Amino acid sequence: AKANELPDPVAEEVREDRKKRFMQVQAKISRARLKAKVGSTQKVLVDAPGVGRSSAAAPEIDGLVYFAKKPGIKTGQFVDIRIERSDAHDLHGRLA
């Protein structure tokens, strides 16, 4: 990137402090957005027993949806999950 060619780079300590502050703000934003989904029903793609992601989520980037394992639900299947709670990155619910 062109920025790497500029003289007098920002000190490592300053970069880390800025990153930490940025991530704190981002966590607040994520927490608020996920909290708004509590009470809704989300279509979830099952990745593993009791774990999936919403149909709009990207693997390894967006948070997960956790729900109770149930026999007969297979990886790759879509299920409807009633969202009961959230945290900074993930949703938690039950089969709707």
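Note that the structure is a prediction, hence the values are computed from the model and not measured. (Residues numbered from 1 in each chain as written. Predicted model: local features only at pLDDT ≥ 70, side-chain atom pairs only at ≥ 80, totals over all residues. Heavy atoms only, no water.)

1. Let's talk about the layout of surface pockets
Step number 1: Its boundaries defined by the atoms lining it, the largest pocket holds a volume of some 510 Å³.
Step number 2: Lining the largest pocket are 20 residues, and of these Ser30, Leu34, Asp62, Gly63 and His89 sit closest to its centre.
Step number 3: Examining the composition of the lining of the largest pocket, we find that seven residues originate from one element, helix H1 (residues 12-35), more than from any other.
Step number 4: In the lining of the largest pocket, the residues fall into eleven nonpolar, five polar and four charged. (1 Å grid on protein atoms, 1.4 Å probe; cavity = no way out; pocket = protein on both sides within 12 Å on 5 of 7 lines; lining within 4 Å. Points joined across faces, edges and corners; volume = space filled by probe spheres on them. Helix = DSSP H or I, 4+ residues; strand = E, 2+ residues; numbered from the N terminus. Nonpolar A, V, L, I, M, F, W, Y, C, P; charged D, E, K, R; others polar.)

2. Concerning the environment of Arg53
Step number 1: Positionally, Arg53 belongs in strand E2 (residues 51-54).
Step number 2: Looking at Arg53, the relative accessible area reads 17%, which means it is buried.
Step number 3: It is 7.2 Å that separates the C-alpha atoms of Arg53 and Gly63, two residues lying ten residues apart in sequence.
Step number 4: Residues in contact with Arg53, not counting those within four places in the same chain, are Lys43, Val44, Leu45, Asp47, Pro59, Gly63 and Val65.
Step number 5: One polar contact links Arg53 to Asp47, side chain to side chain, over a distance of 3.1 Å. (Buried < 20%, exposed > 50% of the residue type's maximum accessible area, 1.4 Å probe, protein only. Contact = heavy atoms within 4.5 Å. Polar contact = N/O pair within 3.5 Å; in protein donor to acceptor, adjacent residues only side chain to side chain.)

3. Remarks on the pairing of strand E1 (residues 41-48)
Step number 1: Bridge analysis of E1 against strand E4 (residues 78-86) gives five bridges, and the strand direction is antiparallel. Looking across to E4, one finds that Lys43 is bridged to Asp80.
Step number 2: Where E1 meets E2, four bridges bridge the pair, whose relative direction is antiparallel. Looking at E2, one finds that Ala48 is bridged to Val51.
Step number 3: Linking E1 back to E2 in an antiparallel pair, the connection comprises two residues, with Gly50 at a positive phi of about 80°. (Pairing = 2+ DSSP bridges.)

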